[in-house]
Amino acid sequence: MRITDIQTFDLKCDIEPSFGWSQGWVNKRNTTIVKISTDSGLVGWGEGAASALIRDWIGPLLIGRDPMQRNQLWELMFSSLYNGNNFVGIAGSAVSAIDIALWDIAGKASGLPIHTLLGGKIRDRIPVYATGLYYTENEFPHRLLEEARGYVTQGFSGMKTKVGGLDIDQDVERVKAIREAIGPNVRLMIDANEGYNASSAIQVGQKLSDLDISWFEEPVNAKDIDAYLQVKNALSIPIAGGENLRSRFEFKDYLSRRAYDIVQPDVMHCGGITEMMRIAAVANAHGIQVNPHVWGSPIMIAASLHVTSTLPPCPTARAVRPYVNEPVMEFDRTPSAIREGLCTSPFQQEDSSIAVPNGPGLGIEVDEEAVKGMSEL
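Chemist: Any chance you could explain the packing of helix H5 (residues 142-153) against helix H6 (residues 168-182) here in plain terms?
Modeler: Each pair of packed helices gets described by two things: the angle between the helix axes and the distance between those axes. Relative orientation of the contacting elements H5 and H6 amounts to 40°, with a least axis distance of 9 Å. Taken as axis vectors, H5 and H6 run oblique relative to one another. Taken as a pair, H5 and H6 cross one another with a handedness that is right-handed. In this structure, H5 uses Leu-144, Leu-145, Ala-148, Arg-149 and Val-152 to contact H6, whose residues at the interface are Arg-174, Ala-177, Ile-178, Ala-181 and Ile-182. Tallied by class, residues from the contact of H5 with H6 come to 8 nonpolar, no polar and 2 charged.

Chemist: Which parts of the structure should I look at to understand helix H13 (residues 368-375)?
Modeler: An α-helical turn contains 3.6 residues, so any two residues separated by three or four positions project in the same direction. Of the residues making up H13, those classed as buried are Ala-370, Val-371 and Met-374. One side of H13 holds all its buried residues, which, seen down the axis, span an arc of 105°. For H13, the elements touching its buried residues are strand S1 (3-21), strand S3 (43-48) and helix H12 (337-341). Structurally, the start of H13 carries an N-cap: the backbone nitrogen of Glu-369 is 3.1 Å from a side-chain oxygen of Asp-367.

Chemist: Would you mind going over the layout of surface pockets with me for this structure?
Modeler: Take a probe with the size of a water molecule and roll it over the atoms, and the empty space left behind shows itself. In this model, the largest pocket occupies a volume close to 690 Å³. In terms of lining residues, the largest pocket is bounded by 31 residues, among which Trp-21, Tyr-134, Glu-243, His-293 and Trp-295 are the most central. Listing elements by their share of the lining of the largest pocket, those giving two or more residues are S1, strand S2 (24-38) and strand S5 (158-162). Per element, the largest residue contribution to the lining of the largest pocket is 5 residues, and it comes from S2. Broken down by class, the residue content of the lining of the largest pocket amounts to 7 nonpolar, 11 polar and 13 charged. Empty space within the second largest pocket amounts to approximately 220 Å³. Together, 14 residues line the second largest pocket, and Ile-213, Ser-214, Pro-238, Ile-262 and Tyr-323 are the ones closest to its centre.

Chemist: Where do I start with the environment of Asn-86 in this structure?
Modeler: Tracing the sequence through the fold places Asn-86 in the loop between helix H2 (70-82) and helix H3 (90-110). Classification of Asn-86 by relative accessible area gives partly exposed; the value is 34%. Sequence spacing of Asn-86 and Met-1 is 85 residues, and the spatial spacing of their C-alpha atoms is 30 Å. In this structure, Asn-86 is in contact with Trp-57, Leu-81 and Ala-91, ignoring residues within four places of it in sequence.

Chemist: When you look at the pattern of salt bridges in this model, what are you seeing that I'm missing?
Modeler: Opposite charge on two side chains permits pairing when their charged atoms draw close. The tally for this structure, following the rule as stated, stands at 24 salt bridges. The closest approach of N and O atoms between Asp-169 and Lys-207, which form a salt bridge, is 3.6 Å. Here Asp-169 is found in helix H6, whereas its partner Lys-207 is found in helix H7 (residues 198-207), with 38 residues between them in sequence. For Asp-169, a relative accessible area of 48% gives the class partly exposed. Here Glu-275 ties to Arg-278 by a salt bridge, and the two come within 2.7 Å at their closest N and O atoms. Here Glu-275 pairs with Arg-278, and both are found in helix H10 (residues 272-285), just 3 residues apart, close to one helical turn. With a relative accessible area of 0%, Glu-275 lands in the buried category. One salt-bridge network, held together by shared partners, links Arg-29, Asp-332, Arg-333, Arg-339 and Glu-340.

Chemist: For this particular structure, what's the right way to read the state of the cysteines?
Modeler: By definition, a disulfide links the sulfur atoms of two cysteine residues through a covalent bond. Tallied over the entire structure, the rule returns 0 disulfides. Distance from the sulfur of Cys-13, which forms no disulfide, to the nearest cysteine sulfur (Cys-343) is 14 Å. When its relative accessible area of 5% is taken as the criterion, Cys-13 is described as buried.

Chemist: Looking at this structure, I do not really get the nonpolar core. What am I missing?
Modeler: In globular proteins that are soluble, nonpolar side chains generally tend to be buried together. Membership of the largest hydrophobic core comes to 87 residues, with the highest contact counts inside it found for Met-159, Phe-216 and Ile-273. When residues in this core are grouped by element, the largest group, 7 residues, is from helix H11 (residues 298-310). With residues near it in sequence (within four places) discarded, Phe-216 still touches Val-163, Ile-190, Ala-192, Tyr-196, Ala-201, Val-204, Gly-205, Leu-235, Ile-237, Pro-238, Ile-239 and Ala-240. Ile-58, Ala-91, Val-95 and Ile-98 belong to the second-largest nonpolar core, a separate cluster that totals 23 residues.

Chemist: Just to check I follow, could you spell out the side chain of Ser-22 for this structure?
Modeler: With respect to the helices and strands, Ser-22 occurs in the loop between S1 and S2. Within polar-contact distance, the side chain of Ser-22 engages the backbone oxygen of Ala-192 at 2.6 Å. Those residues within four positions of Ser-22 in sequence are excluded, and the remaining contacts are Tyr-135, Val-163, Gly-164, Gly-165, Ala-192, Asn-193 and Gly-195.

Chemist: What should I look at first to understand the sheet that holds S3 in this one?
Modeler: Within a beta sheet, neighbouring strands are joined by backbone hydrogen bonds and run either parallel or antiparallel to one another. The strand order S1-S2-S3 describes an open sheet built from 3 strands, whose pairing is antiparallel. The outermost strands of the open sheet, each flanked by one partner alone, are S1 and S3. Geometrically, the sheet is characterised by an average inter-axis angle of 20° between neighbouring strands, direction not taken into account. Those strands touched by H13 are S1, S2 and S3, and its axis lies near 65° from that of S1.

The rules behind these values
Residues numbered from 1 in each chain as written. Predicted model: local features only at pLDDT ≥ 70, side-chain atom pairs only at ≥ 80, totals over all residues. Heavy atoms only, no water. Axes fitted to C-alpha atoms, helices over the stretch in contact; angles between N-to-C directions. Helix = DSSP H or I, 4+ residues; strand = E, 2+ residues; numbered from the N terminus. Parallel < 35°, antiparallel > 145°, perpendicular 65-115°, else oblique. Left-handed = near helix turned anticlockwise from the far one by under 90°. Contact = heavy atoms within 4.5 Å. Nonpolar A, V, L, I, M, F, W, Y, C, P; charged D, E, K, R; others polar. Buried < 20%, exposed > 50% of the residue type's maximum accessible area, 1.4 Å probe, protein only. Arc of directions from axis to C-beta. Polar contact = N/O pair within 3.5 Å; in protein donor to acceptor, adjacent residues only side chain to side chain. 1 Å grid on protein atoms, 1.4 Å probe; cavity = no way out; pocket = protein on both sides within 12 Å on 5 of 7 lines; lining within 4 Å. Points joined across faces, edges and corners; volume = space filled by probe spheres on them. Salt bridge = Lys/Arg side-chain N within 4 Å of Asp/Glu carboxyl O. Disulfide = S-S within 2.5 Å. Core = buried A, V, L, I, M, F, W, Y, C linked by side-chain atoms within 4.5 Å. Pairing = 2+ DSSP bridges.

Structure, rendered in structure tokens:
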């Protein structure tokens, strides 16, 4: 079997209502989808970024090669970017998209789900929490708290909200109101998207220290390891991060120096399924929980489910508990026609968990007409 073609599709959709976080405000969603075709008729789907880079640089390296040789092709892509330190940023996302598609082909060719190719799943369902509670116009308090209570009604065991987009005292008031609305038995996380420096992140964490916050995500600049350590050493709230890092080499110091309590690699950016498994193994060896960052279409959701289903507890214990030693994934609840319309059967949560796909490859059916339609907008 040989690779005959690699296509990219830049998808976008309008969203209503628009929403914001510490770094901006958006009224559209977008992502890049990759389709790899083979001379056997099998196709694989991946998700990442950098269409031009895939089309003009990485893709031509792979045409005519055996898609089953995933390690070889990953190293070929990585080495083409290595000398100029170009794997960072969107180049890492481009490799991720192709790697996911190659795993999809391998599963389809063997008739097996990706989790089986990875050695077999440990769990059939992955615990999830609701990601939402972004900033929206005229939201506080009624619309915001209605959304939060809605997630409780839907059965979610936890939810995540944003901080860093308002004055500190306003954000603290906002988080306190959410905690009061959802009660003490639902997990609550906060995410600053790099919106603070170390001193302001510590100030926020101290003001929220009595709210049983399960983790404080990306409190400071993603590449400022010393700021992470400063915040982590000052707060009792667990510190999470890593969604913006690429490859095990960028994660290495954060893990070895224990800058995170929880690490959140993103399969469509960190280097795909191949590299995410390596990162997760290093994290587990350092006693750091892996709770993947998940923000995209059903393609990357499926890839994340397959990987997460194989991750060992951290640490191994007789009692396995989500948020404690069992990995959990976020489940984006913000508006997205891409997430809901790209596949014939979008993912649904039940009792705050999602079933791991068992079909060949990613185990999803991509609607190619929907792909074309969203890429023509």
